[in-house]
Structures are given as C-alpha cells and as structure tokens.
Amino acid sequence: MADGGGEDKKMKVLVAVEETEGSLYALSWALDNLFTSASDVPDKTESLGRLVLIHAQQPLQHFMHPVGPCMTDPHHRSFSVLFAVYATSSVIDSVRRAQEQNSRNLLERATQVCRSKLVEAEMVIVDGDPKEMICQFAEQMQADLLVVGSRGLSKIRRAILGSVSGYCAHHATCPVLIVKPPKGNHP
Amino acid sequence: MATEAEATASVVGKSVMVVGIDDSEHSFYALQWTLLHFFSPAAGSSSPFKLVVVSAKPTPTSVIGLAGPGAADVLPFVESDLRKISLRVIEKAKEICTSHSVADVEFEVVEGDARNVLCEAVEKHHAEILVVGSHGYGAIKRTVLGSVSDYCAHHAHCTVMIVKKPKPKH
C-alpha cells in the first residue's frame, strides 16, 4: 500500500475556522501535531502537504424580525403585534459588508497563527450552512483530513443548537479530526 | 524557541496516540490510514507520537444478552471464542504495524464495552489523540446499535479522529 516513502505523507488538510475559541485552538493543535518536521524549513507545507482554511458564512436573512413590538406610529400604542420588517437594500449591504469584514478578520488571525508556525495556508470563504458547506468542500477538494473544533456543548444544547463537528463526523467522506478545548474549559 | 520545545518533548516522552480496534475491516483500515499518514518511514524515528493499540473485548454476558436456561453452559464457549477473536485481532494489528515498519507500539486488550474501554484508555495513557474507525451506520442503525465513534467523539477528553473507509463509488 505504501508506494513511496515521503510522498504518501503529503496530506491535504482542511481546517474549519469559526468565530469560536475552540476553532482557533483546533487550528493551532493541527499545526503543532500534523505539520511537525525535524528541521525548520521556511515553509513546512512544501514537504508535508496543503493546508486550507475554510470559513462558512451564514446566509443573510433578507428581512429582519424586530425583537419587541414595533411601534411605527406612537399614537397607536395598542399595537403590540410583531411584524417582519423588510430591510432596505442599503441595510442589507452594510450588514453584508460587516459580515465580510468579520470573516476577513477571522481568517487574518488564522493566517497569523499559521505563519507563526511556519505554515502557509490557503483561505476559502463559502456562503451557506456551515455544516453542509464544509463537508461539500472537503469532498470537492478531496481532502485527506478535515479538522473541526468542538465547543464541548452538553447533550441538550447540542441537540438544540446543532453540532457542526457531529454533522461532519457523520457525513464527511474523509477522516475527521475533532479537537476539544483544553481541559480547563469543561463546563 | 522551537528547538527548545522539541528537546523537552523528547525528554518528557512523546505524546500518545490511542487507536481503538475491533474485529472489523473499518478499524483495520483506520489503523493503516493512521500509520500511513502519521508514521511514515520518511519521518523515521522522529515521529511525534507513541502508538498504543487498544482492542476492546466484549464481556461474554453482554454478548449472550438475556439470560435464559442453559446460558450458564454456553458461557465458557462464548468466553473462549471471544478470546480467540481478540487474539486474532491483535495479531492482525501487529502484522499491520510491522508491515509499516513501526516498532514502538504497545498492544492492549481490555475487557468491557468498547466505548468505556477507549475513553478509559485515553485517561490512563494521557493520550493526545484517539483514533477510531467508523462502521458508517445510517441514522437508524446508529440509534439502535449505538455508535462507539459518536460516544468517543463526545466523551473522550482529547482530540478524536474518526477515520472512515471510503465507500466504493459505483
């Protein structure tokens, strides 16, 4: 099964990056353990494979729900009905721009982490439901390994909020590595 | 900085990787995949992990299930059968390791439910990472039979790697 010596070790690793602490910890864990080499080469990925960082953005809702009663007319205080407000396009644009800025900052931080460990990484941003997009992308790029962080949620919270790591563990076609936060953070 | 850290790591000992195996193709595939990617000969002796292979041997009572008349008679046969199976599993694992020229391996057979055995092994060896195969059950089978990889992913106190055998594409 093992044909060449060094070539087989080259791995295409896809790391899912989110805004959680667990995710950045997962990234640095993966860098420490998967991309170690005896010598300090300027770019470890050269000899050890590709590292791709993926960040999934939630799709924008095109209308916004007000949290409390929407009082468009102060004289009609009796109206306490919630109704959806269609957002104007300028609002959508600014929200989208804020979201993009957010993702960019996140990926910047992630690349910093990579660079500090001498690993060059590629960045990808996708739109859509994180769980599905990450698994789809892993399949598309034929990743050898998918790395996700884990928030360490309890059973109930996991059932309600949904678990990206759980979904990926079941549906990804490639091996999945789930990195847990260090022991100090157990709820 | 980096070299200092590496030096202390070699003094303290390598981080431990526990691989759970059972009598299925999926777990042997997981073991081979792990050896291929983490212990290739190119890395040589500087591979950062120490490998511990753990095989869970189910208790005879759990296999028989409900006790019925004559269960006590069957017990010794089931016990010896299970022992034979687990020995065979370890033998095969040893073969796989030597074929990948990995010598620094520990093998363990622990009796009990696979889920608990693996999580306890992680605690005992202070493992950095636990590797399990996955039977690839669908949602229904998983609810009925229970998924070891699922349990470990949520309950082990370390990083968990779930290796799947790729489905043959038709």
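Residues numbered from 1 in each chain as written. Chains lettered and ligands numbered in written order. Predicted model: local features only at pLDDT ≥ 70, side-chain atom pairs only at ≥ 80, totals over all residues. Heavy atoms only, no water.

Q: I keep staring at the pairing of strand β2 (residues 49–57) of chain A and nothing clicks. Help me out?
A: Where a strand is regular, its side chains alternate between the two sheet faces. All names here are of chain A. With 8 of its 9 residues buried, β2 lies for the most part within the structure. Bridge count for β2 against strand β5 (residues 122–127) is 6 bridges, and the pairing is parallel. For A56, the partnering residue across the bridge sits in β5 and is V126. (Buried < 20%, exposed > 50% of the residue type's maximum accessible area, 1.4 Å probe, protein only. Helix = DSSP H or I, 4+ residues; strand = E, 2+ residues; numbered from the N terminus. Pairing = 2+ DSSP bridges.)

Q: What's the story with the sheet that holds strand β2 (residues 49–57) of chain B in this structure? I'm lost.
A: Remark on secondary structure: sheet strands pair via backbone hydrogen bonds, oriented parallel or antiparallel. Strand order across the open sheet formed by 10 strands is β5(A)-β2(A)-β1(A)-β6(A)-β7(A)-β5(B)-β4(B)-β1(B)-β2(B)-β3(B), with mixed pairing between neighbours. Looking at strand neighbours, the two that pair on one side only are β5 of chain A together with β3 (105–111) of chain B, the edges of this open sheet. Averaged over all adjacent pairs, the angle separating strand axes in this sheet is 25°, with direction ignored. Bridging between strand β1 (residues 15–21) of chain B and β2(B) involves 7 bridges; their strand directions are parallel. The residue of β2(B) that forms the bridge with B:I21 is B:S55. Sitting on the sheet, helix α2 (residues 25–38) of chain B touches β1 (11–16) and β6 (145–149) of chain A together with β1, β2, β4 (129–134) and β5 (159–164) of chain B, and the angle it makes with β5(B) is about 115°. Contacts from helix α5 (residues 114–125) of chain B reach β1, β2, β3 and β4 of chain B within the one sheet, and its direction differs from that of β2(B) by about 150°. (Axes fitted to C-alpha atoms, helices over the stretch in contact; angles between N-to-C directions. Contact = heavy atoms within 4.5 Å.)

Q: How should I be thinking about the side chain of B:S149 in this particular structure?
A: Mapped onto the secondary structure, B:S149 falls in helix α7 (residues 148–155). The class of B:S149 is buried, set by a relative accessible area of 11%.

Q: Looking at this model, I keep getting lost on the packing of aromatic side chains. Mind explaining?
A: Given two aromatic rings, their pairing is described by the distance between the two centres and the angle made by the two planes. Residues and elements named next belong to chain B. Enumeration according to the criterion identifies 1 aromatic pair over all chains in this entry. Considering the side-chain rings of F38 and F49, the 5.9 Å spacing of their centres and the 75° angle between planes classify their relative orientation as edge-to-face. Within this pair, whereas F38 is found in helix α2, its partner F49 is found in strand β2, the two being separated by 11 residues in sequence. The same class applies to F38 and to F49, which are both buried. Here K94 stacks its cationic end above the ring of F107, 5.5 Å away from the centre of that ring. (Phe/Tyr/Trp six-rings, centres within 6.5 Å; stacked < 30°, edge-to-face > 60°. Lys NZ or Arg CZ within 6 Å of the ring centre and 35° of its normal.)

Q: What's the story with α2(B) in this structure? I'm lost.
A: Think of an α-helix as turning once every 3.6 residues; residues three or four places apart then point the same way. Taking 1.5 Å of rise per residue, the 14 residues of α2(B) would be expected to cover 20 Å, and the 20 Å separating its terminal C-alpha atoms lies within 8% of that figure. With 10 of 14 residues buried, α2(B) is to be regarded as a mostly interior element. (Expected span 1.5 Å × (residues − 1).)

Q: Help me understand the pattern of salt bridges, please; the structure alone is not making it clear to me.
A: A side chain with one charge can pair with a side chain of the opposite charge if their charged atoms come near. The final tally for this structure, using the stated rule, is 10 salt bridges over all chains. Note that A:R50 and A:E122 form a salt bridge whose closest N and O atoms lie 3.1 Å from each other. Taken together, the positions of A:R50 in strand β2 and A:E122 in strand β5 put the pair 72 residues apart, joining distant regions of the chain. The partner of B:E25 in a salt bridge is B:K92, and the shortest N-O contact between them spans 3.8 Å. Of this pair, B:E25 sits in helix α2 while B:K92 sits in helix α4 (residues 71–99), and the two are 67 residues apart along the sequence. Owing to a relative accessible area of 48%, B:E25 belongs among the partly exposed residues under this scheme. Assessed through its relative accessible area of 34%, B:K92 is described here as partly exposed. Here the residues in one salt-bridge network are B:K57, B:E79, B:R83 and B:E111, joined through shared partners. (Salt bridge = Lys/Arg side-chain N within 4 Å of Asp/Glu carboxyl O.)

Q: Teacher, can you tell me more about the state of the cysteines here?
A: Covalent bonding between the sulfur atoms of two cysteines defines a disulfide. Taken as a whole, this structure holds 0 disulfides over all chains when the rule is applied. Just so you know, A:C168 is unpaired, no disulfide at all, and the nearest cysteine sulfur is the one on A:C135, 3.7 Å from it. Free of any disulfide, B:C119 has its nearest cysteine sulfur in B:C152, 4.3 Å distant. Using a relative accessible area of 13% as the deciding quantity, one classes B:C119 as buried. (Disulfide = S-S within 2.5 Å.)

Q: I would appreciate a short explanation of the environment of B:E108 in the present structure.
A: Residue and element names in this part refer to chain B. Counting through the fold element by element, E108 comes out in strand β3. Relative accessible area serves as the criterion here: at 14%, E108 is assigned to the buried category. The spatial distance from the C-alpha of E108 to the C-alpha of I96 is 15 Å, given a sequence separation of 12 residues.

Q: What is the right way to read the environment of B:D22 from this model?
A: Residues and elements named next belong to chain B. Looking at where D22 falls in the secondary structure, it is placed in the loop between β1 and α2. Classification of D22 by relative accessible area gives partly exposed; the value is 30%. When sequence neighbours within four positions are dropped, the list of residues in contact with D22 reads S27, F28, V89 and H135. In this structure the side chain of D22 is engaged in a polar contact, spanning 2.8 Å, whose partner is the side chain of S24. In terms of polar contacts, D22 uses its side chain to reach the side chain of S27, at 2.9 Å. (Polar contact = N/O pair within 3.5 Å; in protein donor to acceptor, adjacent residues only side chain to side chain.)

Q: I tried to follow the pairing of β6(A) on my own but got confused; where do I start?
A: Residues and elements named next belong to chain A. Counting buried residues in β6 gives 4 out of 5 residues, a clear majority hidden from the surface. Across 3 bridges, the pairing between β1 and β6 is parallel. In the strand pairing of β6, V13 is matched with L145.

Q: When you look at the confidence of the model for chain B in this model, what are you seeing that I'm missing?
A: In low-pLDDT segments, the atomic positions of the prediction should not be examined closely. Residues and elements named next belong to chain B. Taken over all residues, the pLDDT of chain B has a mean of 77, while the share at 70 or more is 73%. The secondary-structure element of chain B with the lowest mean pLDDT is helix α1 (residues 2–12), recorded at 43, while α5 shows the highest, at 89. Segment residues 1–12: pLDDT under 50, and 5 contacts once partners within four positions in sequence are set aside and those in other chains are kept. Quick note on the complex model: pTM equals 0.73, ipTM equals 0.73. (pLDDT = per-residue confidence, 0-100.)

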